[in-house]
Amino acid sequence: MSITASVTLSDARIVSPEGVHDGWLTIEDGRVTHVGQGPAPRDGHSLGGRHVVPGFVDIHNHGGAGGSFPTGDQETARDAIALHEKHGTTTMVASLVSGPVAGLAAAAASLAELCDDGLLAGIHFEGPYISKDRCGAHDPAALRDPSPGEFAGLVKAGRGHVRMVTIAAELPGALDTIREAVGSGVIAAIGHSDATFEQTQAGIEAGGSVATHLYNAMPGLGHRAPGPIAALLEDERVTVELINDGVHVHPAMIKLAFDVAGPGRTALITDAMMATGLSDGVYKLGAMDVNVAGGVARLATDGTIAGSTLTMDVAFRRAVRMAGLTLPEAVSVTSATPARVLGLSDRLGTIAAGKFADLVVLSSDLEVEGVMRRGIWITEP
Ligand SMILES: [Zn+2]
């Protein structure tokens, strides 16, 4: 990748978690070097008053454009990454689904090479340590009780690139495996779980700090049995993932979660699967057959929702239009907060001097018109 000369982007409406201001920025060697208010001090590439937001950070994504991260195939994984980049995602974690442990290790070892290349920000094991009763689109035959020793082997296979694991907190061995994950620098997420309120609290005490797609694949809120949702939402240590595609979660429940957790503890995710960016048809998610109709992915066997065909730009627009978030709040839940979850706030997640030049230029109706990653235009506005 070539080193870029200094570039100035002028006449921009720069959105940060703190607010929106008219200004300019300069970019050099893939990083933002200055962010200023008002007219640029020198001629630049005018953005014509369009909004510029930080590149989106997606911490839960299974693929797109025919590429499925659970297969570990590098070539099609690159297609998936390229598709999501076009939609503004400049940082993404590759999520696997439950499968035989040897296959998971092989997929992680393969995807670790794309992490080495800087194309992926890490690997997420969604399972196999999840509940049979809340397995969603995961293969029930692949589910296992959590084992710290076995998990340590999976972490090793990922060569330092395993960033997250989803565990059902009620399973035998769950708390020890959560502690093992956190001890080895892996984010422990609680989800695909049938846990009670108290079991979920124990999972958080052990180190669980993310809710894997809050609401989906867990018991609902009950007034006498608050369950995992209440425990995850109320705890200041937990960031909640939400799939804001209009299918997985009702807009009123998106708003409820946001009102409780706020922009600092809410991360929008896509949970996208391989059909994202393609037409309706028959696809796979791990070992499971999935039918996509009207853009909604469902298991061929029983119609269970099986990931999404969402991209982060759509999630961003829906957050503003349907859930009523301000632009700064929408930037928090699509960039700043997920970057903080990944421990990458020092280099990405907001538009600031010293951080990567990861930018999305949006039209007045919030459509993506430009994407820059590490100072290189993916799409030039
Ligand atoms: Zn998923």
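Up top is the structure these notes are about.
Residues numbered from 1 in each chain as written. Predicted model: local features only at pLDDT ≥ 70, side-chain atom pairs only at ≥ 80, totals over all residues. Heavy atoms only, no water.

Undergrad: So, the overall build of the protein: which residues are in play, and what are the values?
TA: Counting secondary structure elements, the protein contains 9 helices and 21 strands. For 381 residues, the compact-globule estimate of 2.2 N^0.38 gives 21 Å, and the protein sits close to it at 20 Å. Each principal axis of the C-alpha distribution contributes one length, and for the protein these read about 60 × 45 × 40 Å. Split into buried and exposed, the 381 residues of the protein put 56% on the buried side. Restricting the contact set of the protein to residue pairs at least 6 apart, pairs at least 24 apart contribute 67%. Each charge class in the protein can be summarised by its mean position, and for the 27 positive and 43 negative side chains these summaries are 2 Å apart. (Helix = DSSP H or I, 4+ residues; strand = E, 2+ residues; numbered from the N terminus. Rg over C-alpha atoms; globule rule 2.2 N^0.38 Å. Buried < 20%, exposed > 50% of the residue type's maximum accessible area, 1.4 Å probe, protein only. Contact = heavy atoms within 4.5 Å. Lys, Arg positive; Asp, Glu negative; His and termini not counted. Charge placed at Lys NZ, Arg CZ, Asp CG, Glu CD.)

Undergrad: Requested: an account of the coordination of the zinc ion, with residues and values cited.
TA: Bound to the zinc ion are the protein donor atoms His60 (NE2), His62 (NE2), Glu126 (OE) and Asp271 (OD), situated 2.0 to 2.2 Å from the metal. Geometry at the zinc ion is irregular, judged from the 4 donor atoms that bind it and their angles of 85 to 171° at the metal. Every donor residue of the zinc ion comes from the same chain, spaced as H-x1-H-x63-E-x144-D. Of this pair, Glu126 sits in strand S10 (residues 123-126) while Asp271 sits in the loop between strand S15 (266-269) and strand S16 (281-285); the two residues are 145 residues apart in sequence, bridging distant segments of the chain. (Donors = N, O, S within 2.8 Å, 3.2 Å for Na, K, Ca; no water. Tetrahedral: all angles 85-135°; square planar, octahedral: opposite > 155°, others 65-115°.)

Undergrad: Report on the pairing of strand S2 (residues 19-28), specifying residues and quantitative values.
TA: As defined by bridge partners, strand S1 (residues 7-16) adjoins S2 across 8 bridges and the pair is classed as antiparallel. Considered in S2, the bridge of Arg13 is made with Asp22. What sits between the antiparallel neighbours S1 and S2 is a turn of 2 residues. Relative to strand S3 (residues 31-37), S2 is paired through 6 bridges, and the arrangement is antiparallel. Bridge pairing links Glu28 to Arg31 in S3. Where S2 folds back on S3, the antiparallel hairpin that results is connected by 2 residues, among which Asp29 adopts a positive phi of roughly 50°. (Pairing = 2+ DSSP bridges.)

Undergrad: Account for helix H8 (residues 312-321), with residues named and values stated.
TA: When you tally the buried positions in H8, you get 7 out of 10 residues, the bulk of the element. Listed in full, the buried residues belonging to H8 are Met312, Asp313, Ala315, Phe316, Arg317, Arg318 and Ala319.

Undergrad: Mind laying out the sheet that holds S16, listing which residues take part and the relevant values?
TA: The strand order S16-S17-S18 describes an open sheet built from 3 strands, whose pairing is antiparallel. The two strands at the open ends of the sheet, each matched to only one other strand, are S16 and strand S18 (296-299). For this sheet, the mean inter-axis angle between neighbouring strands, taken without regard to orientation, is 35°. As paired strands, strand S17 (residues 288-293) and S18 are joined by 4 bridges and run antiparallel to one another. (Axes fitted to C-alpha atoms, helices over the stretch in contact; angles between N-to-C directions.)

Undergrad: Go over the pattern of salt bridges with me, naming the residues and quoting the values.
TA: Across all of its chains, the model carries 16 salt bridges by this definition. In this structure, Arg13 and Asp22 form a salt bridge, with 2.8 Å as the shortest nitrogen-oxygen distance. Close ionic contact of Arg134 with Asp194 constitutes a salt bridge, the shortest N to O distance being 2.9 Å. Pair noted here: Arg134 is in the loop between S10 and helix H3 (148-157) and Asp194 is in the loop between strand S12 (187-190) and helix H5 (197-206), with a separation of 60 residues, a long-range link. Given a relative accessible area of 30%, Asp194 falls into the partly exposed group. (Salt bridge = Lys/Arg side-chain N within 4 Å of Asp/Glu carboxyl O.)

Undergrad: Could you give an account of the sheet that holds S12, with specific residues and numbers?
TA: If you trace the 8 strands from one edge of the open sheet to the other, you get S6-S9-S10-S11-S12-S13-S14-S15, paired in parallel fashion. Taken across any chain shown, the strands that pair with only one partner, and hence form the sheet edges, are strand S6 (56-61) and S15. Within this sheet the neighbouring strands show an average axis-to-axis angle of 25°, counted without direction. With 3 bridges joining them, strand S9 (residues 89-96) and S10 adopt parallel strand pairing. Paired with Ser95 across the strands is His124, a residue of S10. Packed onto the sheet, helix H9 (residues 327-341) meets S6, S12, strand S13 (208-211), strand S14 (239-243) and S15 and runs at close to 70° relative to S6.

Coordinates in, geometry out; function isn't part of it.
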